[in-house]
Amino acid sequence: MIPISCPLIGDKEKQLVMQVLDSGMLAQGPVTARLEERFASVCGVEFAVATSSGTSALHIALLANGIGKGDEVITTPFTFIASVNSILFVGAKPVFVDVDEETFNINVALIEEAITPQTKAILPVHLYGYPCDMDAIMDIARRHNLIVIEDSAQAIGAEYNGKRVGSFGIGCFSLYATKNIMSGEGGMITTNDGELARRCRMIRNHGMERRYYHDMLGYNYRMTDLHAAIGLGQIERLDEFTAKRRANAAYLNARLKSVITPKVRPGYGHVWHQYTVRVREACQRDDAVKRLGDAGIGTGIFYPVTANKQAHLIEMGFNVAKMPVAEQLANKVISLPIHPGLEQADLAAIVAEVNKL
Ligand SMILES: Cc1ncc(COP(=O)(O)O)c(C=O)c1O
């Protein structure tokens, strides 16, 4: 079976993990600090704050910006549920704006009509590693005095007009095991605002700056040095991994005929966390997934149910608006293997089997 994702762990990661084990200092410490420094530099920002996951990064970013009960946060319904759950964690209301059919990302033309006096933030998601239209989003945010929290969980290294995602607003990244670079579990917040970074660090560690003096309510959302060691090895390989993903995507885009392939607009530096095609009719998808599976091609459906249709959001009364584009995409998308571990024969097999559909 050609897997849909496959972490590539080299000698460097193993060596760094062994050094941490030998040091006896396994919890958050100097290795996490080194990873934060590298991460900030890769994203082109001044500060990076490591966290236990992408979910905790989002939760902290919302808390550090004072978003809570009575506030509304505009986001996409076509995302992993963590983008939306983090808004629920702080007691705010997620307000969904439908997506663009070609980019899978929030449709910026629909954002302004969703803004109310309660709106505090926009939380766009760079889905599959494809950056959102950040000029339009930052312009809306400036005019309406809104915070922008970029869910960049799937998009480390992605660029919009030459600038890295996570450097426009506050960036939240995931280093979960299947991401383009990973630490097993882990996350990162990026910002140019030193005071915001300080608050994030406090919330990450029980509201402490001085040991056992708690100046605010916080959590244990720390990254361990063991995880940071894996991330530190991985981040040195980001450019190599991204180049391979881009080459794999170009190969598939040039050859796949039986499905609708993803298009990349000029100025958008896609990092292909997922390579996601669409079947022409929703009724074709189950059959396509089964035939590909039988032929040894792993697939993923990201995501089969939009956030507004998830049981807990319906129960909380947050599925008020129909999201026609996102809801039909949820029935038509199939992600194919694109990871840097693919060999030429794997790519040829994917093309041959998909084109038989
Ligand atoms: C778009 C998106 N947001 C947030 C997250 C949450 O990240 P984590 O799994 O590290 O908590 C993920 C991870 O899968 C994601 O894909």
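Here goes a summary of the coordinates provided. All values derive from a computational prediction rather than experimental measurement.

Calculation criteria
Residues numbered from 1 in each chain as written. Predicted model: local features only at pLDDT ≥ 70, side-chain atom pairs only at ≥ 80, totals over all residues. Heavy atoms only, no water. Patch = residues over 30% accessible without salt bridge, like charges linked within 9 Å, V, L, I, M, F, W, Y side chains within 5 Å. Areas by Shrake-Rupley, 256 points an atom, 1.4 Å probe, with all protein chains shown as cover. Salt bridge = Lys/Arg side-chain N within 4 Å of Asp/Glu carboxyl O. Helix = DSSP H or I, 4+ residues; strand = E, 2+ residues; numbered from the N terminus. Axes fitted to C-alpha atoms, helices over the stretch in contact; angles between N-to-C directions. Parallel < 35°, antiparallel > 145°, perpendicular 65-115°, else oblique. Left-handed = near helix turned anticlockwise from the far one by under 90°. Contact = heavy atoms within 4.5 Å. Nonpolar A, V, L, I, M, F, W, Y, C, P; charged D, E, K, R; others polar. Pairing = 2+ DSSP bridges. 1 Å grid on protein atoms, 1.4 Å probe; cavity = no way out; pocket = protein on both sides within 12 Å on 5 of 7 lines; lining within 4 Å. Points joined across faces, edges and corners; volume = space filled by probe spheres on them. Near = heavy atom within 4 Å. Polar contact = N/O pair within 3.5 Å; in protein donor to acceptor, adjacent residues only side chain to side chain. Sits in = over half its atoms within 2 Å of the grid points.

## Describing a nonpolar patch on the surface
Right, on to step 1. A grouping of M18, L21 and L26 is seen on the molecular surface, where their side chains present a nonpolar patch of about 260 Å² in accessible area.
Right, on to step 2. Within the secondary structure layout, L26 lies in the loop between α1 (11-23) and α2 (30-43).

## Let's talk about the packing of helix α3 (residues 54-64) against helix α6 (residues 194-204)
Right, on to step 1. α6 packs onto α3 with a crossing angle of 120 degrees between their chain directions and a minimal axis gap of 9 Å. Considering their axes alone, α3 and α6 lie oblique with respect to each other. Seen from above, α3 lies across α6 with right-handed handedness. Where α3 approaches α6, its residues I60, L63 and A64 are matched on the opposing element by L196, R199, C200, I203 and R204.
Right, on to step 2. Looking at side-chain class alone, the contact of α3 with α6 contains 6 nonpolar, no polar and 2 charged residues.

## Quick look at the sheet that holds strand β2 (residues 72-75)
Right, on to step 1. With respect to topology, 7 strands assemble into an open sheet ordered β1-β9-β8-β5-β4-β2-β3, the strand pairing being mixed. The strands lining the two open edges of the sheet, one partner per strand, are β1 (47-51) and β3 (93-96). For this sheet, the mean angle separating the axes of adjacent strands, direction not counted, is 25 degrees.
Right, on to step 2. Pairing geometry for β1 and strand β9 (residues 187-191), over 5 bridges, is antiparallel. Bridge pairing links A48 to T190 in β9.
Right, on to step 3. Running over the sheet, α2 touches β1, β8 (170-174) and β9 and is turned about 130 degrees from β1.
Right, on to step 4. Sitting on the sheet, α6 is in contact with β1, β8 and β9, with an inclination near 10 degrees to β1.

## Let's talk about empty space enclosed by the protein
Right, on to step 1. Scanning all chains against the criterion turns up 3 cavities of 30 Å³ or more.
Right, on to step 2. For the largest cavity, the lining is made up of 14 residues, of which C6, P7, L8, K179 and R245 are closest to its centre.
Right, on to step 3. Among the residues forming the lining of the largest cavity, the class breakdown is 7 nonpolar, 5 polar and 2 charged.

## Regarding the environment of L88
Right, on to step 1. Along the chain, L88 turns up in helix α4 (residues 82-89).
Right, on to step 2. With 269 residues separating them in the primary sequence, L88 and L357 have C-alpha atoms 41 Å apart.
Right, on to step 3. Excluding residues that lie within four positions of it along the chain, L88 makes contacts with P94, H312, L313, M316 and F318.

## Structural notes on the site of the ligand
Right, on to step 1. Near the ligand you find 17 residues, and of these G54, T55, D151, S174 and K179 are the closest.
Right, on to step 2. The contact in question runs from an oxygen atom of the ligand to an N or O atom on the side chain of S174, over 2.7 Å.
Right, on to step 3. Burial of the ligand by the surrounding chains reaches 92%, relative to a free accessible area of 380 Å².
Right, on to step 4. Judged by the proximity of its atoms to the pocket grid, the ligand belongs to the largest pocket.

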